[in-house]
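# Working through the structure, step by step
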Amino acid sequence: MNKQEEPRTISILGSTGSIGSDTISVLQSTSTKYRVLAITAHESVELLAQQAYALEPEFVVIANKEKYRELKRLLSGTKSRLGAGDEGLLEAASLKTNWTMAAIVGAAGLKPVLTTIAHGGTVALANKESLVCAGELLACEAKKSGATLLPVDSEHNGVFQSFDFNNPESVEKIYLTASGGPFLDCNKDDLQRVTPEQAVKHPNWDMGPKISVDSATMMNKALEVIEAFHLFPININQISVLIHPESIIHSMVSYWDGSFLAHLGNPDMKIPIAYALSWPRRMPLRGSRLDITDVGKLTFRRASQQQFPALRLANEVLEEGGGSAIVMNAANEVAVQAFLQYEISFLSILKIVEASLARIQYNKADSIEEIMSIDNEARRMARNLIAALD
Ligand code: NAD
Ligand code: MG
């Protein structure tokens, strides 16, 4: 067989989530031949089994070991090999692929992402938390293995398409837009009463529960500022955030000659996923098209750090460096989980993050062991702070 006709090998880490499911839709609409090596999930065992029937992957992993027997029952009679737990996840991540989608949510994705990068190939990176916690380590591993990292986050995917990597000094600024989430103009009293059901309903994007809450607190944009800092050759003061409730312009790159290059599109994650899948080319994608006359008007305002304390935290964390971004991320994950389980109020989320940052100070976080140890300590601290609330 001619080498060019060989199917591309693909794995999807976090295949049952919002990004994972969109990735599968994009794959099913491409004319490129592919062979799926691995799919993984945390505990949605039935959806994982359905995906396994549709994609016929070589390896199927459920991270929660308690669901392994059920997976085995559901997939008896298929040829897929099955795995479970962290070992299974890391084995899936270590399969050498042409393309891997890293779509696990949270710092749980860090070790799998690191393992994938160490094995080379192209890594479509949706899991922003891994970049926030270990941006330098991931870049260093990618340099060693020759892996290519492609940002999937819509804003960063847009910047990636507009940024002149051959002349980074010609770039003046990058702008990340934020819809402002469902509570953009709510006052403090309203925010105090926000329920998890309201918080996960994003006005423009259809996403997993954690990132939806992060969008409502603006922590998502704070994580994205740090993500941008690690992905692009720029300084902290070259990153700006704009409130843009229509979510049509995802990001802009401005140049010293006064030009602005913007990325526009419908708020649909299949678009950046398709770009990452076909890069450096582009694939046709069925589905809704942006009708700019339908949108009519695009509005923007500055995102003040006073109105959005999460953005202030992002800047402080970038200036402080070391392990502070790991603390911010871990405390946020714990607090969001507690909010989703009705244990704390919406406004307590950022309070827990701030209090955790104030109490834990780490300068060095170079190795995965150091990173995980800070992550664990921050989680313990955040849980203690939550327990002390009542
Ligand atoms: P999701 O909650 O819908 O899906 C998460 C996936 O990760 C699922 O497959 C789940 O089974 C798996 N998972 C969760 N915890 C795990 C664990 N402990 N171990 C192993 N697997 C685990 O999340 P999502 O919205 O698809 O987001 C995935 C990532 O992509 C996040 O980092 C998010 O910030 C990023 N992202 C998402 C969007 C979006 O539109 N959804 C946009 C930009 C970036
Ligand atoms: Mg985004």
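The model shown is predicted, which means the values in this text are computed figures rather than measured ones.

### Notes on the site of ligand 1
Neighbouring residues of ligand 1: 24 residues in total, closest Thr16, Ser18, Ile19, His42 and Glu129. Between ligand 1 and Glu129, the relevant distance is 2.7 Å, taken from an oxygen atom to a side-chain nitrogen or oxygen of the residue. The backbone of Gly208 places a nitrogen or oxygen atom 2.9 Å from an oxygen atom of ligand 1. Elements with a minimum of two residues in the shell around ligand 1: α1 (18-29), α6 (128-145) and α10 (209-217). For the shell around ligand 1, the per-class residue count stands at 13 nonpolar, eight polar and three charged.

### Quick look at helix α2 (residues 45-55)
The set of residues buried in α2 consists of Val45, Leu48, Ala49, Gln51, Ala52 and Leu55. For α2, the angular spread of buried residues about the axis comes to 160°, placing them on one side. Those residues of α2 that are exposed and angled more than 90 degrees off the buried face are Glu46, Gln50 and Ala54. The inward-facing, buried residues of α2 contact α1, β2 (34-41), β3 (59-62) and α3 (68-74). Two residues or fewer after α2 comes Glu56, characterised by a positive phi angle close to 50°.

### Re the coordination of the magnesium ion (ligand 2)
Within the protein, Asp153 (OD), Glu155 (OE) and Glu224 (OE) serve as the donor atoms for the magnesium ion (ligand 2), at 2.1 to 2.3 Å. Counting the intervening residues between successive donors of the magnesium ion (ligand 2) yields the motif D-x1-E-x68-E. On the basis of relative accessibility, which here comes to 7%, the residue Glu155 falls in the buried class.

### What to know about the packing of aromatic side chains
Tallying each qualifying case throughout the model produces nine aromatic pairs. Geometrically, the ring pair formed by Phe163 and Phe165 is tilted, given 4.8 Å between the ring centres and 45° between the ring planes. Residue classification places Phe165 among the partly exposed positions, given a relative accessible area of 37%. Taking the centre distance of 5.8 Å and the plane angle of 20° together, the rings of Phe163 and Phe232 count as stacked. A residue pair is termed long-range when its members are at least 10 positions apart, and Phe163 in the loop between α7 (154-162) and β8 (171-178) and Phe232 in the loop between α11 (219-231) and β9 (239-243) qualify at 69 residues. Residues Phe163 and Phe232 agree in their burial class; the two are buried.

Reading guide: rules and limits
- Residues numbered from 1 in each chain as written.
- Chains lettered and ligands numbered in written order.
- Predicted model: local features only at pLDDT ≥ 70, side-chain atom pairs only at ≥ 80, totals over all residues.
- Heavy atoms only, no water.
- Near = heavy atom within 4 Å.
- Polar contact = N/O pair within 3.5 Å; in protein donor to acceptor, adjacent residues only side chain to side chain.
- Helix = DSSP H or I, 4+ residues; strand = E, 2+ residues; numbered from the N terminus.
- Nonpolar A, V, L, I, M, F, W, Y, C, P; charged D, E, K, R; others polar.
- Buried < 20%, exposed > 50% of the residue type's maximum accessible area, 1.4 Å probe, protein only.
- Arc of directions from axis to C-beta.
- Contact = heavy atoms within 4.5 Å.
- Donors = N, O, S within 2.8 Å, 3.2 Å for Na, K, Ca; no water.
- Phe/Tyr/Trp six-rings, centres within 6.5 Å; stacked < 30°, edge-to-face > 60°.

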